[in-house]
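Chain residues, written in single-letter form:
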Amino acid sequence: MLDYGFGNVRSAVRALERVGAQVVLTADPEVAAAADGLVVPGVGAFAAVMQGLAQVRGGQIIGRRLAGGRPVLGICVGMQVMFEAGDEHGVRTDGLGEWPGLVDRLEADVVPHMGWATVEPPADSVLFAGVADERFYFVHSYAARTFPPLGDALFTPPRVTWADHGGRFVAAVENGPLAATQFHPEKSGDAGSALLANWVRSLT
Amino acid sequence: MAVALRVIPCLDVEAGRVVKGVNFENLRDAGDPVELARRYDAEGADEITFLDVSASSGDRETTYDVVRRTAEEIFVPLTVGGGVRTTQDVDRLLRAGADKVGVNTAAIARPELIAEIAQRFGSQVLVLSVDARRVTGDTRTESGFEVTTHGGRRGTGIDAVEWAERGARLGVGEILLNSMDADGTTSGFDLEMLRAVRARVHVPLIASGGAGTADHFVEAAHAGADAVLAASVFHFRTLTIGQVKDRLRSAGVVVR
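Residues numbered from 1 in each chain as written. Chains lettered and ligands numbered in written order. Predicted model: local features only at pLDDT ≥ 70, side-chain atom pairs only at ≥ 80, totals over all residues. Heavy atoms only, no water.

The name an unreviewed UniProt entry gives chain B is Imidazole glycerol phosphate synthase subunit HisF, with Pengzhenrongella frigida as the organism. The UniProt entry for chain B carries this comment under Pathway (unreviewed entry): "Amino-acid biosynthesis; L-histidine biosynthesis; L-histidine from 5-phospho-alpha-D-ribose 1-diphosphate: step 5/9." For the record of chain B, the UniProt heading Function (unreviewed entry) holds the text "IGPS catalyzes the conversion of PRFAR and glutamine to IGP, AICAR and glutamate. The HisF subunit catalyzes the cyclization activity that produces IGP and AICAR from PRFAR using the ammonia provided by the HisH subunit." (UniProt positions renumbered as here; feature names shortened; annotations may be inferred.)

Visitor: How would you sum up the interface of chain A and chain B? Please name residues and give values.
Guide: The interface of chain A with chain B comprises 28 residues on the first partner and 34 residues on the second. In total, chain A and chain B occlude about 2600 Å² of area from one another, counting both sides; carbon and sulfur atoms represent 58% of this. Considering only the side of chain A, the residues that lose the most area to chain B are A:Arg10, A:Met114 and A:Trp116, jointly responsible for 26% of the buried surface there. Counting across the interface, chain A meets chain B through two salt bridges. With its nearest N and O atoms 2.9 Å apart, the salt bridge here joins B:Glu72 to A:Arg10. The interface formed by chain A and chain B holds 11 residue pairs in polar contact (both at pLDDT 80 or more) in total. (Contact = heavy atoms within 4.5 Å. Buried area = accessible area lost by both parts, 1.4 Å probe. Salt bridge = Lys/Arg side-chain N within 4 Å of Asp/Glu carboxyl O. Polar contact = N/O pair within 3.5 Å; in protein donor to acceptor, adjacent residues only side chain to side chain.)

Visitor: With reference to specific residues and values, describe the sheet that holds strand β8 (residues 142-144) of chain A.
Guide: Residues and elements named next belong to chain A. Strand order in this open sheet of four strands is β4-β3-β5-β8, and the pairing throughout is mixed. Looking at the sheet topology across the chains shown, the edges are occupied by β4 (91-94) and β8. The mean inter-strand angle of the sheet, taken between neighbouring strand axes irrespective of direction, is 20°. Pairing analysis gives three bridges linking strand β5 (residues 99-105) to β8, with the strands arranged antiparallel. Within the sheet, the bridge partner assigned to Asp104 lies in β8 and is Ala143. Each of β3 (83-88), β4 and β5 touches helix α3 (residues 46-55); the most contacted strand, β4, lies at about 30° to it. (Pairing = 2+ DSSP bridges. Helix = DSSP H or I, 4+ residues; strand = E, 2+ residues; numbered from the N terminus. Axes fitted to C-alpha atoms, helices over the stretch in contact; angles between N-to-C directions.)

Visitor: Tell me about the UniProt feature "active site" (unreviewed entry) in chain B, and please be specific about residues and values.
Guide: Residue and element names in this part refer to chain B. In the numbering used here, UniProt assigns the feature "active site" (unreviewed entry) to Asp12 and Asp131. As for its placement among the helices and strands, Asp12 is situated in strand β1 (residues 6-14). When residues no more than four places from it in sequence are discounted, the contact partners of Asp12 are Arg17, Val18, Val19, Lys20, Leu51 and Val53. With respect to the helices and strands, the residue Asp131 is situated in strand β6 (residues 126-134). Setting aside chain neighbours within four positions, we find Asp131 in contact with Asn104, Glu146, Val147, Thr148, Asn178 and Met180. A polar contact is formed between the side chain of Asp131 and the side chain of Asn104, at a distance of 3.2 Å.

If you want it as structure tokens, here you go:
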């Protein structure tokens, strides 16, 4: 799990351990490169997460792994920064740009979107196998509300899972080695546990 | 809307122990907040709230340890409130494993605290706890509801609806609206107060104070609550989380 001095990662560590993973909290590029999977957690503001990542050269660590086809899982803002940019309070911040598209504010009667919500995963989803009908815990005011096609017919298109809060938004993406969830699987009870187990199983 | 109404049990914790009686069967230690949190998690609680009622800072130190141990055991969100005065307090609680932190009195004394916390940690970690009561006569505020401190014993003269609205503007991610009149009565939530705040506030709203029957939870949902919090009714096993959810579900309220 990438450690860039941010927020509450304890429960994410514990949740992964519960499904049988051995977890190391690290910012060491060698350790992060050697792991079977790398988790990128993230809470708070998009810009602050990007700043934190920059301090440990997280973008390079993530980029190097993905270039080598090595699995990475982004959680919450750890997912949002995989997009091209985030727009918070009218301030645009560059993301890691692994995916095209913008993360911006949800337009709903009640924001933040906080609580347990259903999702619509595609039938061939690996992450949601066995838990497609469960609810997951979301807490966010921003989201990617479009996912433009990554226009190269030679590659398998990303599997995009949608959810709805005042309009649809991206709840999860499975794109080759890069997977991410807008919700918090580590806070989503048994359903979240099953999803993390699906990811851990896919690593070997 | 796809998001489910959250049902949240609240545990009062002092010096690392649960205060106010708890009546679970087969508990090894009915005063252990960690074990109780685990029970509620297993019963289907959507979130757990700890309210630290410790008077001394030494007792409050033990809260960090309780939070740490709880976060290792439960996999639903954990909110901790009580005695939070500075961004450092918030930082310590989050690092110990809290997902959200409640502020109350310190924000009344210094509202900028809300913006400071929201800017540093994000709105999603911050719950504004509003202890409000009805007020009439000379001291009546505009909405007829007033913010109190000291467990409802002291009025502030601040209008509760305006304060909730201001809190949302300053950056809180959620409002916990606790009726000091209804608290402990088991005669139902203060629905009028709930509706008054709902009409003006667009962050999630947690109803608290007065739950006695499963129908009370349905009423709060219909009055616009996004979540319902209760203590005694769960601790004394008058109702289980499951019974409350069954009733909500049959009334057409979406639950997990």
